[in-house]
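Residues per chain, in single letters:
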Amino acid sequence: MNSPVSKPEPDITFFEEHKKVYPKKVSGTFRQIKWAILVLTLGVYYLLPFVRWNRGPNAPDQAVLVDMHHTRLYFFNIEIWPQEVYYLTGLLIAAALLLFMMNAIAGRLWCGYLCPQTVWTDLFMSVERFFEGDRRDRLALDNGKMTVSKFFKKLGKHFTWLMIAWWTGGAWVLYFNDAPTTVYELATFTAHWEIWMWIGILTASTYLFAGIAREQICIYMCPWPRIQAAFTDDEALNVTYRWDRGEPRGSVKTNKALLAEGKPAGDCIDCNQCYEVCPTGVDIRKGLQLDCIMCGLCIDACDSVMHKVGKPHGLIAYDTDLNIERRLKGEPEQYHPIRIRTVAYAIFIAAIMGGMAYSLMHRETFGLNVLHDRNPLYVKLSTGGIRNAYTVRLLNKERETKRFAIGIEGIEGITLKVIDIDNYKDGKAVVEVEPDRTREIRVLAFTPKGTKVGVSNPVTLTLTDLDTGIVSKTSDYFKGPRP
Amino acid sequence: MADDHKGRVDELSGVETTGHSWDGLEELNNPMPSWWLYTFYASIVFAIGYMVLYPSWPVGGEKDHLKGTLAWNARDAVNKAVKDAAAAKDPMVKKLMATDISAVRNDKALARFAGRSGKAAFGDNCAPCHGSGATGSKGYPGLVDDDWLWGGTLEQIQHTIKVGIRSEHDETRNNSMAAYGDDELLDKTKILNVASYVLSLSGHGKEVGGDIAAGEAVFKETCVSCHGPEGKGMQKQGAPNLSDDIWLFGGKPADVIATITHGRKGLMPTWEGRLDEATIKALAIYVHNRGGGQ
Ligand code: SF4
Ligand code: SF4
């Protein structure tokens, strides 16, 4: 290579022994963003279960609640039944696309700022710092002998960690049970053993993941770093050490001397600050690597170093390898956050969310699910007619008893009968369904003798709300013998 | 063959080797992770505890084994589970016994209970003959259609299940379709003619090839007592309706001729004593609700 500046090559090893990481305290823009996100997300997580939402009588007044016992999911004014689990599917698909989009714009934004593993680890690290001091003190403490002071520092840290972990589990169960009641039950030790068990599980996992395992979760356990590699491209911004500007690195003195001799010298003063602040123990100067969660803290560290030595900021910055090449060639930098890929993601996300919002606003408060008998598919009657049978589940999502008329149409002369129902009106069976309940009925449909019935005929089952006249329809089939 | 070397430190990784070399291949001596070892030790401790508490080791002869201090065994566990299930169902079973069979439908919970337990009992006891969908097959009546030999009301179905047909029960439902050919009560021509007439009732007589009018005369003389003047059958005697399209033993000319020649004696066992009263009631309700019930 002719260029005096060369990209540093990473060392390759086959076995990685675990080295404990001692991240140093850092301040700066990205640290501030991370604090803000931490306060916001944890605040929402711990407090949301206490938000109340009036849904009228016979319904829980918790804004966000997963009611396993009654198989209902409440989210403010939205109520989801198990039959509507596709809304969750839609939400998950949109979330996945959002993740892809973030990745295409600026790499592992999720990992660096939003992932619970990152947020809780950050919180646990600040607790650690509170008890044991910064990097240097912690290194000294861990290498030193056990003393009374060390013992109490460690005790304080682990105790606080466990408290936070316990509250993490404690908040989790509140999403599945009425929050104030559960808090009262926990305080009076009358809560159900399952609640204690779940808190226990989450206490253990939080303590283990955020306190002990930390970056190892990201490096060895999490599938996302592997998957996201498939969603990145040359234009995606990544936390990048601009080696075109930084190399050859050297102490301030050495580099000054080099410059004086007219030799090239980079801006990196080899102070290792970027490495020392890194929560995953990465030296970003070795280039983009799997272990880097892109938290941006090395940017903060380097920027403050650059500030001290009077050089411009941004030796480490969100940038692309393409721009490094461009600068080496003397071309201007280019940034393309809006490109086909990101626009396509945005369109997909908007379409899915829009579709879900539309269907949520227009969904019916009642309906019917139909299951055709499988054995037998049809029955020949002594009259010469044919009968089909369906198991029908009627849904009433309202908070009052509703009366519905169920009918069938699609074949000339088709009639219906519902087992155990004697009330018929205009050929339709009148069925009552209790509030917020489903009811299973057995529907028999008949065609008269002589009606031509093929192997499979489309029919429509209609359910009419007798108070409002609104009709909900479901299509199914009427089966007959082979001609 | 492994040459034994003394463990040495590998330059590349800085890790000691195990000292074994296979054709020059050596193994680094990286110890087990401690969490793994502790899990392993914990499982040994667990296993010892398990052996003390639970049946574990075959000692003392072929069929004997260590019982464990808890004296747990699978058969007792099953028996207990069965007993618990019966106890859990008990209130509903009692209620079902106390409720008139035609009134069960008024109590939604009871009706559901009867339907579910009837379905289970049907699968266990009735499906081998009547089919899992209760559609029946040749010689085994379908229970889903609207054609009933002995009546399709709840009470009639319940009674049939209870006493059976040509069973050992004292009050069993019984009748006889004589073997008119084998016992030489009718000759072949008359059988052909009467078969033609019978099939003509459902609009198929011509393809048999007999004299329908002559068959009618034979029918009036021989068959009306059970099957009725129009061949519509008589449920009191379990005589099938011959004028519809549903044939228990087949509706082809050869089937009908065979039926008249050799007679038919289908059999259904009595379920009294084998199934309890509540189960029979539930079965009747389940069968009735298949769609054919009257
Ligand atoms: S290298 Fe920088 S961006 Fe990556 S994890 Fe470390 S501090 Fe965060
Ligand atoms: S913090 Fe900046 S100047 Fe210091 S070693 Fe890292 S890249 Fe070089």
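Nothing here was measured: the structure is a model prediction, and the numbers come from that model.

Chemist: Honestly, the overall build of chain B in this entry has me stumped. Any pointers?
Modeler: Across its full length, chain B carries nine helices and three strands. When the helices and strands of chain B are read in sequence order from the N terminus, they spell out β-β-β-α-α-α-α-α-α-α-α-α. In chain B, which comprises 294 residues, the share counted as buried stands at 34%. Restricting to contacts in chain B with at least 6 residues of sequence separation, those with at least 24 account for 50%. Surface summary for chain B: the accessible area is close to 18000 Å², and the carbon and sulfur share equals 58%.

Chemist: Can you help me understand the pattern of salt bridges in this one?
Modeler: Pairing of side chains with opposite charge becomes possible as their charged atoms draw close. Under the counting rule described, the total for this entry stands at 49 salt bridges over all chains. The partner of A:Glu132 in a salt bridge is A:Lys154, and the shortest N-O contact between them spans 3.4 Å. Pair noted here: A:Glu132 is in helix H4 (residues 116-132) and A:Lys154 is in helix H6 (residues 148-174), with a separation of 22 residues, a long-range link. Take A:Glu132: its relative accessible area is 3%, and that puts it in the buried class. On the basis of relative accessibility, which here comes to 16%, the residue A:Lys154 falls in the buried class. Between B:Arg105 and A:Asp420 there is a salt bridge, with the nearest N and O atoms lying 3.4 Å from each other. Here B:Arg105, found in the loop between helix H2 (74-98) and helix H3 (108-130), pairs with A:Asp420, found in the loop between strand E10 (415-418) and strand E11 (424-425), and the two come from separate chains. Beyond isolated ion pairs, a larger network of salt bridges with shared partners links A:Lys20, A:Glu128, A:Glu132, A:Arg138, A:Asp142, A:Lys154, A:Lys157 and A:Arg214.

Chemist: Before we go on, may I ask you to explain the interface of chain B and chain A in this structure?
Modeler: Interface size is commonly expressed as the accessible area that is lost once the parts come together. Listed by partner, the interface residues are 18 residues for chain B and 19 residues for chain A. Across the interface of chain B and chain A, roughly 1500 Å² is buried in total on both sides, 43% from carbon and sulfur atoms. Linking chain B with chain A are four salt bridges, by the criterion used here. Across the salt bridge formed by A:Asp422 and B:Arg105, the nearest N and O atoms sit 2.9 Å from each other. Looking at which element gives the most residues to the side of chain B that touches chain A, the answer is H3(B), with three residues.

Chemist: How should the site of ligand 2 be read in this particular structure?
Modeler: Looking at ligand 2, the residues that line it are A:Tyr241, A:Cys268, A:Ile269, A:Asp270, A:Cys271, A:Asn272, A:Gln273, A:Cys274, A:Arg285, A:Cys302, A:Met306 and A:Ile316. Residue assignment for the shell around ligand 2 shows that the elements contributing at least two residues are helix H13 (273-277) and helix H14 (297-308) of chain A.

Chemist: Can you help me understand the confidence of the model for chain B in this one?
Modeler: Detail in the predicted coordinates should be disregarded across regions flagged by low pLDDT. All names here are of chain B. Predicted confidence across chain B gives a mean pLDDT of 91, with 98% of residues reaching 70 or more. Helix H4 (residues 154-163) holds the highest mean pLDDT among the elements of chain B, 96, whereas strand E1 (residues 2-4) holds the lowest, 49. Predicted complex, confidence summary: ipTM 0.79, pTM 0.70.

Chemist: What is the right way to look at the packing of aromatic side chains in this model?
Modeler: Between two aromatic rings, the relevant description is the distance of the centres plus the angle of the planes. In total, this model carries 28 aromatic pairs over all chains according to the counting rule given. Note on B:Tyr50 and B:Tyr54: the rings are 4.9 Å apart at their centroids and 20° apart in plane angle, and the pair reads as stacked. B:Tyr54 gets classed as partly exposed once you look at its relative accessible area, which sits at 27%. Summarising the aromatic geometry, the rings of B:Phe122 and B:Tyr286 are spaced 5.5 Å apart at their centres and angled 50° between planes, so their arrangement reads as tilted. Taken as a pair, B:Phe122 in helix H3 and B:Tyr286 in helix H9 (residues 277-289) lie far apart in primary sequence, 164 residues in all. Classification of B:Phe122 by relative accessible area gives buried; the value is 2%. What links up through ring pairs into an aromatic cluster is the set A:Tyr45, A:Tyr46, A:Trp120 and A:Tyr175. Between A:Lys34 and the ring centre of A:Tyr113, over which it is positioned, the NZ or CZ distance is 5.7 Å. The ring of A:Trp81 is capped by A:Arg72, whose NZ or CZ atom sits 3.6 Å from the centre of that ring.

Chemist: Explain a nonpolar patch on the surface to me, please; I cannot follow it from the model alone.
Modeler: A surface patch of nonpolar side chains, amounting to about 1300 Å² of accessible area, comprises B:Met32, B:Trp35, B:Trp36, B:Tyr38, B:Phe40, B:Tyr41, B:Ile44, B:Ile48, B:Val52, B:Leu53, B:Leu70 and B:Trp72. Accessibility expressed as a relative area gives 47% for B:Met32, which makes it partly exposed.

Chemist: Where do I start with the nonpolar core in this structure?
Modeler: Considering soluble globular proteins, one finds that nonpolar side chains tend to be buried as a cluster. A:Val239, A:Tyr241, A:Ile284, A:Cys298, A:Ile316 and A:Tyr318 are the most contacted members of the largest nonpolar core, which totals 41 residues. Every residue in contact with A:Val239, bar those within four places of it in the chain, is listed here: A:Ile284, A:Met294, A:Gly296, A:Cys298, A:Ile299, A:Ile316, A:Ala317 and A:Tyr318. In terms of nonpolar packing, the next biggest core, distinct from the first, is built from 37 residues, B:Val104, B:Cys126, B:Ile285 and B:Val287 among them.

Chemist: Please clarify how the packing of H4(B) against H9(B) should be interpreted in this entry.
Modeler: Packed helix pairs are characterised by how far apart their axes lie and by the angle those axes make with each other. Residues and elements named next belong to chain B. Between H4 and H9, the shortest axis-to-axis distance is 9 Å and the interhelical angle comes to 125°. By the angle between their axes, H4 is oblique relative to H9. With respect to the hand of their crossing, H4 and H9 are arranged in right-handed fashion. Contact residues: Leu154, Ile157, Gln158, Ile161 and Lys162 in H4; Ile280, Lys281, Leu283, Ala284, Ile285, Val287 and His288 in H9.

Chemist: In this structure, what is going on with the sheet that holds strand E12 (residues 428-433) of chain A? I would like to understand it.
Modeler: Strand pairs in the sheet, formed through backbone hydrogen bonds, run parallel or antiparallel to each other. Residues and elements named next belong to chain A. The five strands are arranged E11-E12-E9-E14-E15 in an open sheet whose pairing can be described as antiparallel. Whereas interior strands pair on both sides, the edge strands pair on one side only; in this sheet they are E11 and strand E15 (471-479). Sheet topology note: the strand E9 (residues 402-409)/strand E14 (residues 456-465) ladder contains six bridges and is antiparallel. Bridge pairing links Glu409 to Thr460 in E14.

Chemist: Can you help me understand the packing of H6(A) against helix H7 (residues 179-187) of chain A in this one?
Modeler: Residue and element names in this part refer to chain A. Contact pair H6 / H7: the axes reach a minimum separation of 9 Å and the direction vectors enclose 135°. One finds that H6 runs oblique with respect to H7. Of the two elements, H6 crosses H7, and the hand of that crossing is right-handed. On the side of H6, the interface is formed by Trp166, Val173 and Leu174, while H7 contributes Ala179, Thr182, Val183 and Leu186. Of the residues assigned to the contact of H6 with H7, the class counts are six nonpolar, one polar and no charged.

Chemist: Even after reading the chapter, I still don't get H4(B), so can you show me in this structure?
Modeler: What sets the pattern is the α-helix's 3.6 residues per turn: residues three or four places apart point alike. All names here are of chain B. Here H4 has its buried residues at Leu154, Ile157, Gln158, Thr160, Ile161 and Val163. The inward-facing, buried residues of H4 abut H9. Downstream of H4 by one or two residues, Gly164 has phi in the positive range, about 75°.

So, how was this worked out
By convention here, each chain's residues receive numbers from 1 onward along its written sequence. Written order decides the labels, with chains lettered from A and ligands numbered from 1. Residues qualify for local features only when their pLDDT is at least 70, as the model is predicted, and side-chain atom pairs are given and counted only at 80 or more; totals for whole chains, interfaces and linings, by contrast, use all residues. The side-chain quantities take in all heavy atoms of the structure and omit both hydrogens and water. Helix numbers and strand numbers start at the N terminus; a helix is a DSSP run of H or I with at least 4 residues, a strand a run of E with at least 2. Buried means the residue's accessible area, taken with a 1.4 Å probe over protein chains only, is under 20% of the maximum for its type, while exposed means over 50%, and partly exposed covers the values in between. Contact between two residues is taken to exist if any of their heavy atoms lie within 4.5 Å; hydrogens are not considered. Note on areas: Shrake-Rupley with a 1.4 Å probe; residue coverage comes only from the protein chains shown. Salt bridges are counted wherever a side-chain nitrogen of Lys or Arg sits within 4 Å of a carboxyl oxygen of Asp or Glu. Take the accessible area each of two parts loses on contact, using a 1.4 Å probe, and add the two losses: that sum is the buried area. By convention in these notes, a residue is near a molecule or strand provided one of its non-hydrogen atoms lies within 4 Å of it. Looking at any residue, its pLDDT shows the predictor's confidence there, from 0 to 100. By convention, a stacked pair of Phe, Tyr or Trp rings (six-membered ring in the case of Trp) has centres within 6.5 Å and planes under 30 degrees apart, an edge-to-face pair has planes over 60 apart, and any other such pair is tilted. Lysine NZ or arginine CZ positioned within 6 Å of the ring centre and within 35 degrees of the ring normal marks a charge as sitting over the ring. A patch consists of residues whose relative accessible area exceeds 30% and which take part in no salt bridge; residues with like charges are grouped when within 9 Å of each other, and nonpolar side chains (Val, Leu, Ile, Met, Phe, Trp, Tyr) when within 5 Å. Take the buried residues of types Ala, Val, Leu, Ile, Met, Phe, Trp, Tyr and Cys, join any two whose side-chain atoms come within 4.5 Å, and each joined set is a nonpolar core. Orientation is described by lines fitted to C-alpha atoms, with helices fitted over the stretch in contact, and by angles between N-to-C directions that extend from 0 to 180 degrees. The cut-offs work like this: below 35 degrees is roughly parallel, past 145 is roughly antiparallel, 65 to 115 is roughly perpendicular, and the gaps in between are oblique. What makes a crossing left-handed is the near helix being turned counterclockwise from the far one by less than a right angle; a clockwise turn instead makes it right-handed. Strands are treated as partners if at least two bridges between them are detected by DSSP. Think of it as three bins: nonpolar holds Ala, Val, Leu, Ile, Met, Phe, Trp, Tyr, Cys and Pro, charged holds Asp, Glu, Lys and Arg, and polar takes everything else, Gly as well.

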